[in-house]
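Reading the structure
The lines below spell out each chain.
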Amino acid sequence: MGIAVAGMDSLSERAAMMRGALQKSQTITDNVVTILGSFDSRLSALETAMRPTQIRTHAIRKAHENIDKSLKSAEVILAQFDLSRQAEAKILKGPHEDLEGYLGAIDQLRSTIRFFSSNKNFRNSDGVLNQANTLLAKAISKLEDEFKQRLNSYSKPIEPDRLFDGLPNALRPSSGSPGNQGDAGGKAMSHSHSEHQNIDLETAVYTPPTLIPPRIMPLLHDLAKQMVRAGHQQQFLRIYKETRSLVLEESLRKLGVEKLSKDDVQKMQWEVLEAKIGNWIHFMRIAVKLLFAGERKVCDEMFEGFDSLSDQCFAEVTASSVSVLLSFGEAIARSKRSPEKLFVLLDMYEIMRELHSEIEAIFKGKACTEIRESALGLTKRLAQTAQETFGDFEEAVEKDATKTSVLDGTVHPLTSYVINYVKFLFDYQSTLKQLFQEFETSDGTGSQLASVTMRIMQALQTNLDGKSKQYKDPALTHLFLMNNIHYMVRSVRRSEAKDLLGDDWVQRHRRIVQQHANQYKRNAWQKILQCLSIQGLTSSGGGSSVGDGGNSSGVSRALVKDRFKIFNMQFEELHQRQSQWTVPDTELRESLRLAVAEVLLPAYRSFLKRFGPLVESGKNPQKYVRYTAEDLERMLGEFFEGKNLSEPKR
């Protein structure tokens, strides 16, 4: 019980102590709240007192920021003024001494103009812009003069020798005679068609000359770029076109190119015109592959970055030179047609075909359309004129009415002319095939060429038949036809024409030759062979006769003598006449002599053996039996030699 009471007392004491502690804590809390309340009122008073100071400080800081920004803007403007003054000094000095520095100054001036154009809120920016634009205009004007001066300075005509150095070796001209001056610097330009055939056009290397030094091109390009950027495009194009076109024309003039009209061409003698056509073919090759190719390279480099102007300017630079070259070709294509022009027309057609792909590549673009079409038009006109000349030739051969006669029956000049003409045509087989393709005929080009050749040969035969009728002696008529057709056959067999005309043509015409040879023998020797016939020698009553029981039994001596006299007279006439006739082919001549000998000599030997004793036993036998068979054989060896009457007899 006592423990319980004691415990209760203890708890009471503790509770009393806790109440006292709580009362003290409350008192402290109240005191702290009072103190903090006083701090709050004092801080509010302090903040109110500090606010004006804070406002002033912010204003000062803002002012500093504005000052810094203004100073920086001023620095930029001053820098632009400084750079502008430097640029102005270089521009006023001119571009001649330091072109690169001058171009840099122009770029800086453009930068200054852009700066003030985008910052027009600056005071006096309009005045600065006006001054800068005026200075830029002066700079571009000086630049234009500099471009013109430099382009002129480095644009020089190309000497012919430099152009020849760019040709493949096989096409380089040889030194001509001193009298050949004026054409290609006195160098002979002509090469035969067959020589050109031997040149591999696919692998031939052409080296265009350097028209403007490579070290100069970048500077000229920069000048051009500045002029175009400044809106001086037309001035730049005018300067470039005038300068380069004159230089190009002068290069061609030095080469030997002449400006000739159709009237000039018509008045020229053929030999002169033929030489000029040969030169024109070379001039075209040199102009396209070297000069125009080099000019295109210069133009492309000059206009790099503004390619749209390149084609137009190139077309204007080359237009006059191209026109001079093509107009000569047009004058030839439109001139009066004649057979001898066919081969030069084919040569001209060939060179235009050869250059076609390069013309298309060099004269690319819409601006050059007219030039490309002019070149293509000339190619087609040459093809048309060549084909028409072909037709004219066939007709001219058939209707040739030249009075040139060959008294000795040899090959007529027309025959050799036509055959040489046809042989030359076969040098142009590939060209002719292209030419026939131009007109899209239904026949194959090979068969068409064969057909044309056959028609020409037939036209020649028809004409020769007419010419053979001029001879009064039928034997000479057939000798003439034999000679001429044999010449045709032999020429065909030895040329490419054989493959085109075929063996049938050759064999058929060989038979015609043989037929004329047989007709010659019949007409020339039939009459004299009748003298050696026994027919008509038997005695008819009057006159003496021999009856020895031999082969001459019952034959009149007088008739035999008469036969020998007639034979001698006729043979001497034949010998005199036919030794003046000509069989120009050795093999044919010997063959014809042999054919005559095979008929004449056995008949003469037989007649002489049978009837010679009748004469020899009489008076003056040598008067009647003048020749042995060997004499006749020797004299036959003199036939068809084309001897003149004044030549002594052998």
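As a reminder, the structure under discussion sits directly above these lines.
Since the model is a prediction, treat every value here as computed from it, not as a measurement.

This brings us to the nonpolar core. Counting 158 residues, the largest nonpolar core has Phe147, Phe236, Tyr240 and Trp525 as its most contacted members. Counting residues per element, this core draws most heavily on helix α9 (residues 270–302), which supplies 15 residues. Setting aside chain neighbours within four positions, we find Trp525 in contact with Tyr520, Phe571, Leu574, Gln578, Val596, Leu600, Leu636 and Phe639.

Trans is the prevailing form of peptide bonds, just as negative phi is the prevailing case for residues other than glycine. Of note in this structure, Phe640 is not a glycine but carries a positive phi near 65 degrees. Of note, Phe640 is situated in the segment after α20 (629–636).

On to the side chain of His412, then. Relative to the elements of secondary structure, His412 occurs in the loop between α12 (369–399) and α13 (413–425). If near-sequence neighbours (up to four positions away) are discounted, His412 is found in contact with Thr402, Thr404, Val406, Leu464, Lys467, Phe480 and Asn484.

As a further point, take a positive patch on the surface. Taken together, the side chains of Lys423, Arg493, Arg494 and Arg510 present a region of like positive charge at the surface. Its location among the elements puts Lys423 in helix α13.

One pass over the structure, following the stated rule, counts 28 aromatic pairs. Between the aromatic rings of Phe393 and Tyr417, the centroid separation amounts to 6.2 Å while the plane-to-plane angle is 65 degrees, which identifies the pairing as edge-to-face. Placement of the pair is Phe393 in helix α12 and Tyr417 in helix α13, with a sequence separation of 24 residues. On the basis of relative accessible area, Phe393 is assigned to the buried category, the value being 1%. Taken together, the ring pairs in this structure connect Tyr520, Trp525, Phe567, Phe571, Trp581, Tyr604, Tyr627, Phe639 and Phe640 into an aromatic cluster. One cation-aromatic arrangement involves Lys289 over Tyr206; the distance from NZ or CZ to the ring centre is 4.5 Å.

For the rest of this paragraph, the subject is the packing of helix α18 (residues 557–578) against helix α19 (residues 586–616). Orientation of α18 relative to α19, taken along the N-to-C sense of each, is 140 degrees, at an axis distance of 10 Å. As judged from the angle between their axes, α18 and α19 are oblique. The hand of the α18/α19 crossing is left-handed. From α18, Arg557, Val560, Lys561, Arg563, Phe564, Phe567 and Phe571 reach across to α19, where they touch Leu600, Tyr604, Phe607, Leu608, Phe611, Gly612, Leu614 and Val615. Its residues placed into classes, the contact of α18 with α19 shows 11 nonpolar, 1 polar and 3 charged.

Following the criterion strictly, the structure yields 27 salt bridges and no others. Residues Glu258 and Lys276 are paired through a salt bridge, measuring 2.5 Å at the closest nitrogen-oxygen approach. Linking Glu258 in the loop between α7 (233–255) and α8 (262–267) with Lys276 in helix α9, this pair joins segments that are 18 residues apart in sequence. Taken together, the shared-partner salt bridges connect Arg285, Lys289, Glu354 and Glu358 into one network.

Among the secondary structure elements, His221 is positioned in helix α6 (residues 217–229). By relative accessible area, which is 13% here, His221 ends up buried. Within polar-contact distance, the side chain of His221 engages the backbone oxygen of Glu304 at 3.3 Å. In this view, His221 contacts Glu301, Met302, Glu304 and Phe306; residues no more than four positions away in its chain are not counted.

Definitions and cut-offs
Residues numbered from 1 in each chain as written. Predicted model: local features only at pLDDT ≥ 70, side-chain atom pairs only at ≥ 80, totals over all residues. Heavy atoms only, no water. Core = buried A, V, L, I, M, F, W, Y, C linked by side-chain atoms within 4.5 Å. Buried < 20%, exposed > 50% of the residue type's maximum accessible area, 1.4 Å probe, protein only. Helix = DSSP H or I, 4+ residues; strand = E, 2+ residues; numbered from the N terminus. Contact = heavy atoms within 4.5 Å. Patch = residues over 30% accessible without salt bridge, like charges linked within 9 Å, V, L, I, M, F, W, Y side chains within 5 Å. Areas by Shrake-Rupley, 256 points an atom, 1.4 Å probe, with all protein chains shown as cover. Salt bridge = Lys/Arg side-chain N within 4 Å of Asp/Glu carboxyl O. Lys, Arg positive; Asp, Glu negative; His and termini not counted. Charge placed at Lys NZ, Arg CZ, Asp CG, Glu CD. Phe/Tyr/Trp six-rings, centres within 6.5 Å; stacked < 30°, edge-to-face > 60°. Lys NZ or Arg CZ within 6 Å of the ring centre and 35° of its normal. Axes fitted to C-alpha atoms, helices over the stretch in contact; angles between N-to-C directions. Parallel < 35°, antiparallel > 145°, perpendicular 65-115°, else oblique. Left-handed = near helix turned anticlockwise from the far one by under 90°. Nonpolar A, V, L, I, M, F, W, Y, C, P; charged D, E, K, R; others polar. Polar contact = N/O pair within 3.5 Å; in protein donor to acceptor, adjacent residues only side chain to side chain.

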